[in-house]
Amino acid sequence: IGTHNGTFHCDEALAVFLLRQTATYRDSGKFHRDPTVLDTCDIVVDVGAIYDESKQRFDHHQRVFTEVFGHGFETKLSSAGLIYKHFGKEIITSRTQTSHDDPQVTTLWLKLYKEFIEVIDAIDNGISQYPTDIKPKYRNRTDLSGRVGWLNPAWNQSMDPQIVDAQFAKASQMTGEEFLGRLDYYANAWLPARDLVVSALAHRNNVDPSGKILLFEQYAPWKEHLFELETELSLSDDTKPIYVIYADETAGNYRIQAVPVSPESFESRKALPEAWRGLRDDELSKATGIDGGIFVHASGFIGGNKTKDGALALAKAALAM
């Protein structure tokens, strides 16, 4: 595996690590940053002014390079994005021990690009996250690309190739460990939560004929998945869920939460009734006529009941009000 010498960056550090997760390059004994040996390498990333998969050359610095990830993403790729685009599904399949044609592999492949790889591509290509006429209120030098940058020797320290290569190896390992950690999370936690939301959507008419109530027997992060699945399923506004019922994370009670109008919004599709807001315990039970009341938030976006049946009764009553 070959890449350029001198100052190193997050994109080629991650690209080298990713290649070492593939069947072809897993046993590559070392990487090369010596420009005199690049032509002898089996694969070269981030240098050479060539992007040609058939030749295993993956650079993105040439003037004519315009490659993007596709699937709705428009950020110009760096060497990290290039290697991930071509080898990412193989890496995910190997790590998760799934078959290459499992649709969840594609789901993870796209999710990891969106949440992990794209920002590395953007930073390396100098693409601003927001309009440049807006002055940031603070600086962030703790992102992954920034932390890789700090591993380069300072201007007044030795740039001996052996020292720099050793630091590059640290950077590659660091980026790779974060990538694998994120992949493991999405495969082992994020995807199972998505499956729960898929199931809840499919069975919501069994919970209430209106289809407006989702029920989860256990706590799971649902909000992101719900909005994505509503889009994928092309649900009309009048068929979308209004309330979500789920088991409390720690107390063994149940929560009722109003679905927000958008993932980032504090406004609900239909907040819990005004007459219930700010009430607790017996006072809430008396106002609703439903035993086991715990609380309803003053804004009406969430409430609690001691039982699943109680939380469901709250949701059904709120729908009717």
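Residues numbered from 1 in each chain as written. Predicted model: local features only at pLDDT ≥ 70, side-chain atom pairs only at ≥ 80, totals over all residues. Heavy atoms only, no water.

Asks: With reference to specific residues and values, describe unusual backbone geometry.
Replies: You will see that Q56, though not glycine, has its phi angle at about 55°, which is positive. Its location among the elements puts Q56 in the loop between β2 (51-52) and β3 (57-58). (Helix = DSSP H or I, 4+ residues; strand = E, 2+ residues; numbered from the N terminus.)

Asks: So what's going on with the pattern of salt bridges? Which residues, and what values?
Replies: Going through the model one piece at a time under the given rule, you end up with 13 salt bridges. Measuring nitrogen to oxygen at the nearest pair gives 2.7 Å for the salt bridge that ties E67 to K85. Here E67 is found in the loop between β3 and β4 (68-70), whereas its partner K85 is found in helix α2 (residues 79-96), with 18 residues between them in sequence. K85 gets classed as partly exposed once you look at its relative accessible area, which sits at 24%. E178 is the salt-bridge partner of R147, the closest N and O atoms lying 2.5 Å from each other. With a gap of 31 residues between them, R147 in helix α4 (residues 144-150) and E178 in helix α5 (residues 161-202) connect regions that are remote in the sequence. Through salt bridges with shared partners, a single ionic network connects K111, E115 and E224. (Salt bridge = Lys/Arg side-chain N within 4 Å of Asp/Glu carboxyl O. Buried < 20%, exposed > 50% of the residue type's maximum accessible area, 1.4 Å probe, protein only.)

Asks: Quick rundown of the sheet that holds strand β10 (residues 302-305)? Include the residues and the values.
Replies: Pairing within the open sheet is mixed, and its five strands lie in the order β6-β7-β8-β10-β9. The sheet is open, and its two borders are formed by β6 (213-216) and β9 (293-296), each paired with just one other strand. Going from strand to strand, the sheet's axes swing by 15° on average, the running direction of each strand aside. (Pairing = 2+ DSSP bridges. Axes fitted to C-alpha atoms, helices over the stretch in contact; angles between N-to-C directions.)

Asks: Account for α2, with residues named and values stated.
Replies: Because an α-helix completes one turn every 3.6 residues, residues spaced three or four positions apart along the sequence face the same direction. Between its terminal C-alpha atoms α2 stretches 24 Å, which fits the 26 Å expected from 18 residues at 1.5 Å a residue. Among the residues of α2, S79, A80, G81, L82, I83, Y84, F87, G88, I91, I92 and T93 are the ones counted as buried. Note on α2: the residue one or two positions beyond its end, Q97, has a positive phi of about 55°. (Expected span 1.5 Å × (residues − 1).)

Asks: Describe the sheet that holds strand β1 (residues 44-45), with residues and values.
Replies: Strand order across the open sheet formed by three strands is β1-β3-β2, with mixed pairing between neighbours. Among the strands making up the open sheet, the edge pair consists of β1 and β2. Of the pairings in the sheet, the one linking β1 to β3 comprises two bridges and is parallel in character. By the bridge assignment, V44 is partnered in β3 with R57.

Asks: For the packing of helix α3 (residues 103-124) against α5, give the residues involved together with the corresponding values.
Replies: One can describe the packing of α3 onto α5 by two numbers: an axis separation of 10 Å at closest approach and a directional angle of 125°. If you check the angle between α3 and α5, you find them oblique. With respect to the hand of their crossing, α3 and α5 are arranged in right-handed fashion. Residues Q104, T107, L108, K111, L112, E115, F116 and I117 of α3 pack against T175, E178, F179, R182, L183, Y186, A187, W190, L191, R194 and D195 of α5. Its residues placed into classes, the contact of α3 with α5 shows ten nonpolar, three polar and six charged. (Parallel < 35°, antiparallel > 145°, perpendicular 65-115°, else oblique. Left-handed = near helix turned anticlockwise from the far one by under 90°. Contact = heavy atoms within 4.5 Å. Nonpolar A, V, L, I, M, F, W, Y, C, P; charged D, E, K, R; others polar.)

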